[in-house]
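# A structural walkthrough
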Amino acid sequence: MVKKITTVDAYLAAVPADLRGLLVPVRAAILAAAPGVTEKIAYGVPYYSLSRPLIAWKANKGCASLIAMSRAVLSALKKELAGYELSGTTIHIYPDRPLSKTVVKKIVKLRLAENAARVKLRRTPRVSQRKRYPMPTAVKTALIDARLMADYQARPAYQRNDYLMWIAEAKQEATKL
């Protein structure tokens, strides 16, 4: 049975020396460019995230790969990556052509900026499409008198609102309370 690798140090120890020489500087550049980054083994490869997926790398047979996770980043660095074999979001690195720490840091910085832009887009307030219903005084009094207000408050906000909607939109006055 093959032992499962669970740390980046163990991963590097299992990599042939020529590829380890390519990957150790890549790892150092990633850690330097993104302080506080989380480093772990995910999908069998060293993977880095900082609240969102950032970058990964791996050793292959005869080469190493840096997985930028973004075609836009690779396009932006087309000039710096000229001469490297690219495949999707992956840069293939060979022992005779290592990737400079400067380029790795640029990739990480661009990925951080991409992730920050995505977070800003997601944090725009969503407009609720549901009407908010105020609690009628008669309903509030009834809940307090029946000692059910604590149970009512324990319900999620959307359920409390739905309850008030059913009361407010009742067809007959008798069913509004």
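For clarity, every value in this text was computed on a predicted model and none was experimentally measured. (Residues numbered from 1 in each chain as written. Predicted model: local features only at pLDDT ≥ 70, side-chain atom pairs only at ≥ 80, totals over all residues. Heavy atoms only, no water.)

Moving on: the pairing of strand β1 (residues 38-42). Note that β1 and strand β2 (residues 45-49) share 5 bridges and pair antiparallel. Bridged to A42 within β2 is V45. (Pairing = 2+ DSSP bridges. Helix = DSSP H or I, 4+ residues; strand = E, 2+ residues; numbered from the N terminus.)

The pairing of strands in a sheet comes from backbone hydrogen bonds and takes either a parallel or an antiparallel form. The 6 strands are arranged β1-β2-β3-β4-β6-β5 in an open sheet whose pairing can be described as antiparallel. If you trace the sheet from one side to the other, it starts and ends with β1 and β5 (85-87), each paired once. Going across the sheet, the axis of each strand differs from the next one's by a mean of 25 degrees, ignoring polarity. Relative to strand β6 (residues 90-93), strand β4 (residues 64-67) runs antiparallel, the two sharing 4 bridges. Within β6, the residue paired with A64 across the bridge is I93. Helix-sheet contacts for helix α2 (residues 17-33) involve β1, β2, β3 (53-59), β4 and β6, and the interaxial angle to β3 is about 165 degrees. (Axes fitted to C-alpha atoms, helices over the stretch in contact; angles between N-to-C directions. Contact = heavy atoms within 4.5 Å.)

Here we take up the packing of aromatic side chains. Within the structure shown, the criterion is met by 2 aromatic pairs. A centroid spacing of 5.7 Å and a plane angle of 75 degrees characterise the contact between Y11 and W57, whose relative ring orientation is edge-to-face. Of this pair, Y11 sits in helix α1 (residues 8-14) while W57 sits in strand β3; the two residues are 46 residues apart in sequence, bridging distant segments of the chain. The class of Y11 is buried, set by a relative accessible area of 10%. Measuring from ring centre to ring centre gives 5.9 Å for Y152 and Y163, while their planes differ by 55 degrees; the resulting arrangement is tilted. Taken as a pair, Y152 in helix α6 (residues 149-154) and Y163 in helix α7 (residues 157-168) lie far apart in primary sequence, 11 residues in all. Accessibility expressed as a relative area gives 10% for Y152, which makes it buried. Here the guanidinium or amino end of R97 rests over the ring plane of Y84, the centre of that ring lying 4.2 Å away. (Phe/Tyr/Trp six-rings, centres within 6.5 Å; stacked < 30°, edge-to-face > 60°. Buried < 20%, exposed > 50% of the residue type's maximum accessible area, 1.4 Å probe, protein only. Lys NZ or Arg CZ within 6 Å of the ring centre and 35° of its normal.)

With that settled, the discussion passes to the pairing of β2. The buried fraction of β2 is high, at 5 of 5 residues. In textbook terms, the turn of a hairpin is the stretch between consecutive antiparallel strands, and for β1 and β2 this stretch comprises 2 residues, one of which, Y43, has a positive phi near 55 degrees. Summarising the sheet, β2 and β3 pair through 3 bridges and their orientation is antiparallel. Across the sheet, residue Y47 finds its bridge partner in β3, namely A56. Hairpin connection from β2 to β3: 3 residues lie between these consecutive antiparallel strands, with S51 at a positive phi of about 75 degrees.

On to the environment of Y94. When you line up the elements, Y94 lands in the loop between β6 and α4 (101-122). The partly exposed category is assigned to Y94, whose relative accessible area is 31%. Once residues within four sequence positions are removed from consideration, Y94 is found in contact with L22, G62, C63 and E85. Separated by 3.0 Å, the side chains of Y94 and E85 make a polar contact. (Polar contact = N/O pair within 3.5 Å; in protein donor to acceptor, adjacent residues only side chain to side chain.)

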